[in-house]
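Listed below are the residues making up each chain.
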Amino acid sequence: MLAKRIVPCLDIKDGTTVKGINFVNFRDAGDPVELGAQYSDQGADELVYLDITASHEGRKTFTELVKKVAARISIPFTVGGGINELKDVDRLLSAGADKVSINSAALRNPSLINEIAANFGSQVCVVAIDANMENNGWLCYLNGGRIPTDKQLFDWAKEAEDRGAGEILFTSMTHDGVKTGYANEALATLADALHIPVIASGGAGKMEHFRDAFVLGKADAALAASVFHFGEIGIGQLKDYLHHEGINVRI
């Protein structure tokens with residue numbers, strides 16, 4: 001059985017790491033290159049860097065940041081934000097990223113998933129989905145959780161897989177930043193329906209939440225931000241706990 005992955009996520013705004021609650025109320029969390037290096041040293045399996053305000057100028061800044069990260073860390077990392085066409089993917093992979101994450105662009109232009117998979121391989125293409133629980137269903141959102149769509153989480157995740165996505169990164173907007181646990185029921189539904197890895201995001205507050213995401217949610221990886229950024233949970237400590245709980249993690 002493949003080891004479960006622990007994935008710190010760094011949201012980048014104007015060149016610095018920030019963290020919000022329910023996608024708003026951001027606060028500064030530190031230098032993204034230094035934080036990434038720390039997480040790499042502490043035993044994180046992968047990192048995710050998201051340019052959350054990917055304006056044209058921001059993209060240039062972000063590309064330089066990706067180069068700096070690649071020079072400092074020895075684990076795979078995924079980058080996302082402002083990726084709308086193949087040349088964006090090429091630019092970020094050339095800067096040193098291992099994978100790209102697409103969200104709004106994939107919803108607006110689903111064939112982008114096919115194009116990335118065909119040109120760079122499915123393993124490069126992570127489809128991120130921000131969804132909110134509304135009227136007993138999970139509705140997908142565009143633009144960092146600002147604009148609702150008519151797409152439902154499970155239908156869209158299956159379509160993304162069929163188009164060539166290598167992984168699904170599901171963030172529950174309902175749970176984001178509130179630290180009450182991941183959306184395990186929705187995660188388990190995704191895991192049962194898909195043949196590609198599912199990354200849990202949104203809701204980590206204590207070590208038990210990671211265990212539950214793997215056991216109850218059947219997730220392949222668990223992503224978190226503030227609990228790592230603000231020193232609430234150490235990655236080594238978390239992996240020791242998970243190992244003792246019988247979960248296969250890379251120590």
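These numbers come from a predicted model, not from an experiment.

So, how was this worked out
- Residues numbered from 1 in each chain as written.
- Predicted model: local features only at pLDDT ≥ 70, side-chain atom pairs only at ≥ 80, totals over all residues.
- Heavy atoms only, no water.
- Helix = DSSP H or I, 4+ residues; strand = E, 2+ residues; numbered from the N terminus.
- Rg over C-alpha atoms; globule rule 2.2 N^0.38 Å.
- Buried < 20%, exposed > 50% of the residue type's maximum accessible area, 1.4 Å probe, protein only.
- Contact = heavy atoms within 4.5 Å.
- Areas by Shrake-Rupley, 256 points an atom, 1.4 Å probe, with all protein chains shown as cover.
- Lys, Arg positive; Asp, Glu negative; His and termini not counted.
- Charge placed at Lys NZ, Arg CZ, Asp CG, Glu CD.
- Axes fitted to C-alpha atoms, helices over the stretch in contact; angles between N-to-C directions.
- Parallel < 35°, antiparallel > 145°, perpendicular 65-115°, else oblique.
- Left-handed = near helix turned anticlockwise from the far one by under 90°.
- Phe/Tyr/Trp six-rings, centres within 6.5 Å; stacked < 30°, edge-to-face > 60°.

Asker: What is the right way to read the overall build of the protein from this model?
Answerer: Scanning the protein from N- to C-terminus turns up 10 helices and 12 strands. In terms of C-alpha radius of gyration, the protein reaches 16 Å, essentially the compact-globule figure of 18 Å for 251 residues. Taken over the C-alpha atoms alone, the protein extends approximately 45 × 40 × 35 Å along its principal axes. Considering the protein as a whole, with its 251 residues, one finds that 57% of them fall into the buried category. Summarising the internal contacts of the protein: among those between residues at least 6 apart in sequence, 66% fall at separations of at least 24. If you sum the accessible surface of the protein, you get close to 10,700 Å²; carbon and sulfur atoms cover 49% of it. Of the charged side chains in the protein, 24 are positive and 33 negative; the average position of the first set lies 2 Å away from that of the second.

Asker: Got a minute to help me understand the packing of helix α8 (residues 207–215) against helix α10 (residues 235–244) in this structure?
Answerer: How two helices sit against one another is set out by the angle between their axes and by the gap between those axes. Contact geometry of α8 with α10 gives a least axis separation of 10 Å together with a crossing angle of 50°. Overall, the two elements α8 and α10 adopt an arrangement that is oblique. Helix-helix and strand crossings are classified by hand; for α8 and α10 the assignment is right-handed. Of the residues in α10, those touching α8 at Met207, Glu208, Phe210, Arg211 and Phe214 are Gln237, Leu238, Tyr241 and Leu242.

Asker: It is not clear to me how the packing of aromatic side chains should be interpreted in this structure. Could you clarify?
Answerer: Describing an aromatic ring pair means giving the distance of the ring centres and the angle of the ring planes. Scanning all chains against the criterion turns up five aromatic pairs. When the ring of Tyr49 is compared with that of Phe77, the centres are 6.0 Å apart and the planes differ by 80°; the resulting orientation is edge-to-face. Within this pair, whereas Tyr49 is found in strand β4 (residues 47–51), its partner Phe77 is found in strand β5 (residues 77–80), the two being separated by 28 residues in sequence. When its relative accessible area of 2% is taken as the criterion, Tyr49 is described as buried. Between Trp138 and Phe170 the ring centres are 5.4 Å apart and the planes differ by 90°, which places this aromatic pair in the edge-to-face class. Within this pair, whereas Trp138 is found in strand β8 (residues 137–142), its partner Phe170 is found in strand β10 (residues 167–172), the two being separated by 32 residues in sequence.

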